[in-house]
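Tertiary structure, described
Each chain, written out:
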Amino acid sequence: MKKLSILLLAAVMLFTCFALAACGGDEDTSSSATDTSSASSDDGKSNSTSVSEPSSETEETSEPEETSEPDASEPETSEPETSEPDDDPVVNADPSPFWITHYNDPAPEAAGIILTGTDTVGEWSDHYAFKPIEGVENGYELVAFSYGTIADGDDTYNGHGEKLEMPEGGFVYATSIGNNWKTDEGQADGIDYVNDACNAQISRCRTWKVGDQFIIEGMDLDGQTIPKSSADDIMWYEDGYVCTATITPIV
């Protein structure tokens, strides 16, 4: 009897263990199902989130507004006028007398001689070659010179003048100091060629340099008219002779 009670008690306890085990398995399955449902729900939420695709329609780029053309009726802006350079030379020096007494005559003393062919004046005279300045009326430029007399201290050496080449379209000017043949050479009928006008011209000529430019008025290379206002019977070496030609530096 006692053994039977023990067996019944053991059976009850075994049954209770099986029952408890069965309940635990159901809870795990339910929990697993709950987790799976939750995961499925989360996946559903994730899958249900829509990703916005970029719009297939592109926005049209606005064209720049057309630039309005200026009204043809409006006056155009005038460009400032540029003045053409003046071809006239700048002459702001006073004219000086230009001693001209002969054309193409190499012999006279104390004369102002214009040569247009060949320089034939002697070695005692000063020689100056001029060429015309293009585009300048009566304009001439000094291109060469040669002195007939050379001063060295108190001594004067004569006979050094060299004949110059004739510039095309130009001339050679020659002048020399005159002698007083009556008193200096003792000739009773000798002529005194010394005059102030010629000596002043020689001094002015000695200040000229190659490249100097001048306006010469009163010189006549073609007609070879002597520029003077005195009577024809008054000679260039006599008192009262007046030469009207002038020479003015271009500066």
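You'll find the structure just up there.
Here is a short report on the structure shown in this document. (Residues numbered from 1 in each chain as written. Predicted model: local features only at pLDDT ≥ 70, side-chain atom pairs only at ≥ 80, totals over all residues. Heavy atoms only, no water.)

1. Side note on the overall build of the protein
Rule in force here: Secondary structure elements are taken from DSSP: a helix is a run of H or I of four residues or more, a strand is a run of E of two residues or more, and numbering for both begins at the N terminus. Buried residues are those whose accessible area, probed at 1.4 Å on protein chains only, stays under 20% of the maximum for their type, while exposed residues exceed 50% and partly exposed ones sit between those limits. Whether two residues touch is decided by their heavy atoms; if any such pair falls within 4.5 Å, the residues are in contact. What sets the accessible areas is the Shrake-Rupley method with a 1.4 Å probe; for residues, cover comes only from the shown protein chains.
Secondary structure assignment for the protein yields two helices and ten strands. Sorting the 251 residues of the protein into buried and exposed places 27% on the buried side. Once local pairs closer than 6 in sequence are excluded, the contacts in the protein between residues at least 24 apart make up 65%. Surface exposure of the protein reaches about 17900 Å², of which carbon and sulfur atoms provide 51%.

2. Digging into the sheet that holds strand S9 (residues 213–217)
Selection rule: A pair of strands is considered paired only if DSSP assigns at least 2 bridges between the two. Axis definition: a line fitted to C-alpha atoms, over the contacting stretch in the case of helices. Angles run 0 to 180 degrees between N-to-C directions.
Here we have eight strands laid out as an open sheet, ordered S1-S10-S9-S5-S4-S8-S3-S2, and mixed in their pairing. Looking along the sheet, the strands with just one partner apiece sit at the ends: strand S1 (96–97) and strand S2 (102–103). Across two bridges, the pairing between S2 and strand S3 (residues 112–115) is parallel. Bridge assignment links His-102 to a residue of S3, and that residue is Ile-113. Relative to strand S8 (residues 171–175), helix H2 (residues 196–205) is tilted by about 125°, and along the sheet it contacts S1, strand S4 (126–132) and S8.

3. What to know about the packing of aromatic side chains
Test applied: Pairing of aromatic rings covers Phe, Tyr and Trp, the last counted by its six-membered ring, and requires centre-to-centre distances within 6.5 Å; plane angles under 30 degrees mean stacked, over 60 mean edge-to-face, and any other angle means tilted.
This structure, assessed with the given rule, holds 14 aromatic pairs. Seen from their ring centres, Phe-130 and Trp-208 are 5.7 Å apart, and the 80° between their planes marks the pair as edge-to-face. One end of the pair, Phe-130, is in strand S4; the other, Trp-208, is in the loop between H2 and S9, with 78 residues separating them in the sequence. An identical accessibility class is assigned to Phe-130 and Trp-208; each is buried.

4. Brief notes about the pairing of strand S10 (residues 246–249)
Put simply, side chains in a regular strand alternate between the two faces of the sheet. Inspection of the sheet shows S1 paired to S10 by two bridges, in the antiparallel sense. The residue bridging Pro-97 from the neighbouring strand is Thr-246, located in S10. When S9 meets S10, the two strands line up antiparallel, connected through four bridges. Bridge pairing links Ile-216 to Ile-247 in S10.

5. Things to note about the layout of surface pockets
Threshold: Grid points spaced at 1 Å and placed over the protein atoms alone form the basis of the search, with a cavity being a set where a 1.4 Å probe fits but cannot get out and a pocket an open set showing protein on both sides within 12 Å along at least five of seven lines. Lining residues have an atom within 4 Å of a point. Grid points are joined across faces, edges and corners, and a volume is the space filled by probe spheres set on the points.
Counted as a void, the largest pocket has a volume near 290 Å³. In terms of lining, the largest pocket is formed by 19 residues, of which the most central are Trp-124, Ser-125, Thr-149, Ser-176 and Ile-177.

6. Observations concerning H2
Heads up, the rule is: Our arc is simply the arc of the directions from the helix axis toward the C-beta atoms. Polar contacts here mean pairs of N or O atoms no more than 3.5 Å apart (in protein, one a potential hydrogen donor and the other a potential acceptor; neighbouring residues in sequence count only if both atoms are side-chain atoms).
Looking at H2, one finds that the buried residues are Cys-198, Gln-201, Ile-202 and Cys-205. One side of H2 carries all its buried residues, which in axial view fall inside an arc of 100°. On its buried side, H2 packs onto S1, S4 and S8. Capping the start of H2 is the job of one residue whose side-chain oxygen sits 3.3 Å from the backbone nitrogen of Ala-197: Asn-195.

7. Topic: the nonpolar core
Under the convention used in this document: Take the buried Ala, Val, Leu, Ile, Met, Phe, Trp, Tyr and Cys residues and link them wherever side-chain atoms come within 4.5 Å; each set so joined is a nonpolar core.
Phe-130, Phe-171, Tyr-173, Trp-208 and Met-219 are the most contacted members of the largest nonpolar core, which has 36 residues in total. Secondary-structure elements contributing two or more residues to this core are S3, S4, strand S5 (139–146), S8, H2 and S9. The greatest single-element share of this core, amounting to four residues, is contributed by S8. Sequence-distant contacts of Met-219, that is, excluding residues within four places in its chain, are made with Ile-100, Tyr-103, Ile-114, Tyr-140 and Phe-171.

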